[in-house]
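Spelled out, the chains give:
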Amino acid sequence: MEVKVIVLPGGKLQIFVDGQVSFEQATQITKTVLAQLNAAGIEISEVGPVEQHKDGAEHVHIAGNVHVQQ
Amino acid sequence: MPCNLAVSITKAAVTEERLLALLTPEAVQPVVEAYLRQPGVLKPGESFNVNRQGNRLMIMVGSLRLFIERGRVSTYATQGYNDVRGEELVSALSNLLALAADALFAQQVKAALAPFGKVAQQQVMVDNGGVTQAATVLTLKF
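Residues numbered from 1 in each chain as written. Chains lettered and ligands numbered in written order. Predicted model: local features only at pLDDT ≥ 70, side-chain atom pairs only at ≥ 80, totals over all residues.

Undergrad: Is there a simple way to explain helix H2 (residues 25–37) of chain B in this structure?
TA: Given 3.6 residues per helical turn, the α-helix brings residues three or four places apart onto the same face. All names here are of chain B. For H2, spanning 13 residues, the distance from its first C-alpha to its last is 18 Å, which sits close to the expected 18 Å at 1.5 Å a residue. All of the buried residues along H2 are Val28, Val32 and Leu36. One side of H2 holds all its buried residues, which, seen down the axis, span an arc of 60°. Facing away from the buried surface of H2 by more than 90 degrees, the exposed residues are Glu26, Pro30, Ala34 and Arg37. (Helix = DSSP H or I, 4+ residues; strand = E, 2+ residues; numbered from the N terminus. Expected span 1.5 Å × (residues − 1). Buried ≥ 20, exposed ≤ 12 C-beta atoms within 10 Å, placed from the backbone. Arc of directions from axis to C-beta.)

Undergrad: What am I meant to see in the sheet that holds strand S4 (residues 64–69) of chain B here?
TA: Strand-to-strand pairing in sheets goes through backbone hydrogen bonds, with the strands running parallel or antiparallel. All names here are of chain B. The strand order across the open sheet formed by four strands is S2-S3-S4-S5, and the pairing between neighbours is antiparallel. The open sheet has two edge strands with one neighbour each: strand S2 (48–53) and strand S5 (72–76). The average angle at which neighbouring strand axes cross in this sheet is 20°, direction not considered. Its contacts with the sheet place helix H3 (residues 83–113) against strand S3 (56–61), S4 and S5, and it is angled at close to 25° to S4. (Pairing = 2+ DSSP bridges. Axes fitted to C-alpha atoms, helices over the stretch in contact; angles between N-to-C directions. Contact = placed C-beta atoms within 7 Å.)

Undergrad: How do you make sense of the nonpolar core when you look at a structure like this?
TA: One broad trend across soluble globular proteins is that nonpolar side chains are buried collectively. Counting residues in each nonpolar core, the largest one holds 45 residues, and the members touching the most others are Val5, Ile6, Val7, Ile15 and Val17 of chain A together with Leu97 and Val109 of chain B. Ranked by the residues each element gives to this core, the list is headed by H3 of chain B, at ten residues. Not counting residues up to four positions away in its chain, the partners in contact with Leu97 of chain B are Leu23, Val28, Ile68, Gly71 and Val73 of chain B. (Core = buried A, V, L, I, M, F, W, Y, C linked by C-beta atoms within 7 Å.)

Written as structure tokens, this is what we have:
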């Protein structure tokens, strides 16, 4: 299973969960990630619903120019 | 991750105030100094000096005085400089600070995710509702 947290300009985040997990499991993982961010002092002020991608949730698309930092 | 593989997607955000709070004088000073040292940023004959004054930075560019406090840039023009140069520097430093805040926030999120294991980081360009933006992708594998 893989979790991607995309950090966007202006303090915005999008959290993607992928892999052999159910939507319910993905929802729980997302909540765990959000709880960890809050526990680390990152006060999340807005959280949208956990959306199923197949339902057409609007989200960012990664374009070219990927630079991997080791 | 190609988005067609995602099981779920969730959006979240912190307040602008929270983001700007990352721009402490300690964090901002080296960023501003590195920027002002870049060729072409200062006009011929200009020099700069950056000093911390409590919770703010004071930047002297020639006889022009600029202040940065909680991510906000202001200026106090003195003789020999016009408003245009002051506005030019305020605009440039404001843009710089916005980028710095985004970078600091990404590092803060990365550090917060570390207890889950190794966090891979990628700098990418994203299409966000038709707007191309720079973004940081943090990946965790469980």
